[in-house]
Amino acid sequence: YRLWRGPTLSASLAGLYALGATVPPLLVLSLTYLRVTQFDASVPFALFGVLLAGGYVWIAERFLARENILPLPGIRLATGAFAAAAISALGFALVAFLSRGYMTVAFALMALGTAYVSTLRDIPLLRPAVAAIGFVVLGRIAWDPVIMGADVGRFPIFNWLLLGYGVPAAAFAMAGRLLETRQIDLAQRLADALAVIFTALLLFFQIRHAVTGGDPLVGASNHVEQGLHVLTALLMSYALMRLDLARANTVFRWASIILGDI
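Residues numbered from 1 in each chain as written. Predicted model: local features only at pLDDT ≥ 70, side-chain atom pairs only at ≥ 80, totals over all residues. Heavy atoms only, no water.

A. Spatial organisation of the side chain of Thr 104. Structurally, Thr 104 is set in helix 4 (residues 102-120). Leave out the neighbours within four places in its chain, and Thr 104 touches Val 137, Arg 140, Ile 147 and Phe 198. (Helix = DSSP H or I, 4+ residues; strand = E, 2+ residues; numbered from the N terminus. Contact = heavy atoms within 4.5 Å.)

Written out as structure tokens, the structure reads:
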């Protein structure tokens, strides 16, 4: 604690201490994983990530306890830095262990867990961590919206699409509500946006799955499918408009306009 407890410690210097304490272990673990496995799934590396995350959580809790006794800016920054590092280490563990769409689902649940912890612990960096996880998931969707691949099962509704898109939609919707209890910021709006995106993808892919007989990636389309897509977009637009009127939510307002124009 000696590095962080000085009353004259500047924010920039405290930030350098935090980076020096948290980034090197994560960087070494990531580079070793890349060199040894070439980004293949690896249980040992996932376990290392979990252990590192546990260590960071323990340190963050100690700093948080000290912050309650000695509320200095340096100690507060250290608490947030180690909490964010713990989330990063857990994210690495998920990447090392999971494949297919499960990784996206796991990141969405991790964002929900981080949002929940942010309501219990006043750690400023937890909200930016939720936003960072949200941007990772958003990048994953932009890279390949078909999260679960082509083989999602033949049964309508109750198939892998429900897990791949439904769970993240619910997770980000709940994360948005949890974050909203403290304040409305980028993290909260991004959670709402991802909830809307995943809900739309779930509905559109389920329609396509049902119309095409279980293959959401088939190239052909017909008037029935297009009509169902338009009807779904209009119903979502109406629902989001009602939510915007009830909660004055910018994300819901613009999503309603975009879906109404489809």
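B. Fine view of the packing of helix 4 against helix 5 (residues 126-143). Close contact between helix 4 and helix 5 brings their axes to 9 Å; oriented N to C, the two are set at 165 degrees. It follows from the interaxial angle that helix 4 and helix 5 lie roughly antiparallel. Here helix 4 and helix 5 pass one another in a crossing that is left-handed. Where helix 4 abuts helix 5, its residues Thr 104, Phe 107, Met 110, Ala 111, Thr 114, Ala 115, Val 117 and Ser 118 lie against Leu 126, Ala 129, Val 130, Ile 133, Val 137 and Arg 140. (Axes fitted to C-alpha atoms, helices over the stretch in contact; angles between N-to-C directions. Parallel < 35°, antiparallel > 145°, perpendicular 65-115°, else oblique. Left-handed = near helix turned anticlockwise from the far one by under 90°.)

C. The arrangement of unusual backbone geometry in detail. Although it is not a glycine, Ile 157 sits at a positive phi angle of roughly 70 degrees. Tracing the chain through its elements places Ile 157 in the loop between helix 5 and helix 6 (160-180). With a phi close to 50 degrees, Ala 248 is a non-glycine residue in the positive phi region. Along the chain, the position of Ala 248 falls in the loop between helix 8 (223-247) and helix 9 (250-260).

D. Just the nonpolar core, in detail. By size, the foremost hydrophobic cluster in this structure holds 50 residues, and its most contacted members are Tyr 56, Val 137, Tyr 165, Phe 172, Leu 194 and Phe 198. Contact partners of Tyr 56, with chain neighbours within four places excluded, come to Ala 21, Thr 22, Pro 25, Leu 26, Phe 82, Ala 85, Ala 86 and Ala 89. Grouped together as the second largest cluster of nonpolar side chains are 9 residues, Ala 200, Met 236, Phe 252 and Ala 255 included. (Core = buried A, V, L, I, M, F, W, Y, C linked by side-chain atoms within 4.5 Å. Buried < 20%, exposed > 50% of the residue type's maximum accessible area, 1.4 Å probe, protein only.)

E. Structural context of the side chain of Asp 192. Tracing the sequence through the fold places Asp 192 in helix 7 (residues 186-211). Comment: no salt bridge for buried Asp 192; closest opposite-charge side chain is Arg 189, at 4.1 Å. Beyond its immediate stretch of four places on either side in the chain, Asp 192 contacts Gly 176, Arg 247, Asn 249, Val 251 and Phe 252. (Lys, Arg positive; Asp, Glu negative; His and termini not counted. Salt bridge = Lys/Arg side-chain N within 4 Å of Asp/Glu carboxyl O.)

F. The packing of aromatic side chains, seen in detail. Scanning the entire structure with this criterion turns up 8 aromatic pairs. Arranged with centres 6.4 Å apart and planes meeting at 50 degrees, the rings of Tyr 165 and Phe 198 form a pair that is tilted. Remark: Phe 198 occurs in helix 7 and Tyr 165 occurs in helix 6; sequence separation between them is 33 residues. Since its relative accessible area comes to 0%, Tyr 165 is described here as buried. The buried category is assigned to Phe 198, whose relative accessible area is 0%. Between Tyr 165 and Phe 205, the aromatic rings sit 5.4 Å apart at their centres with planes inclined by 20 degrees, giving stacked as the arrangement. With Tyr 165 in helix 6 and Phe 205 in helix 7, the pair connects residues that are 40 residues apart, well separated along the chain. We note that Tyr 165, like Phe 205, is buried. (Phe/Tyr/Trp six-rings, centres within 6.5 Å; stacked < 30°, edge-to-face > 60°.)

G. Structural view of the packing of helix 5 against helix 7. Contact pair helix 5 / helix 7: the axes reach a minimum separation of 9 Å and the direction vectors enclose 30 degrees. Regarding the angle of helix 5 to helix 7, the classification is roughly parallel. Of the two elements, helix 5 crosses helix 7, and the hand of that crossing is left-handed. Contacts between helix 5 and helix 7 involve Arg 127, Val 130, Ala 131, Gly 134, Phe 135, Val 137, Leu 138 and Ile 141 on the former and, on the latter, Leu 186, Ala 187, Gln 188, Leu 190, Leu 194, Ile 197, Phe 198 and Leu 201. Of the residues contributing to the contact of helix 5 with helix 7, the split by class is 13 nonpolar, 2 polar and 1 charged. (Nonpolar A, V, L, I, M, F, W, Y, C, P; charged D, E, K, R; others polar.)

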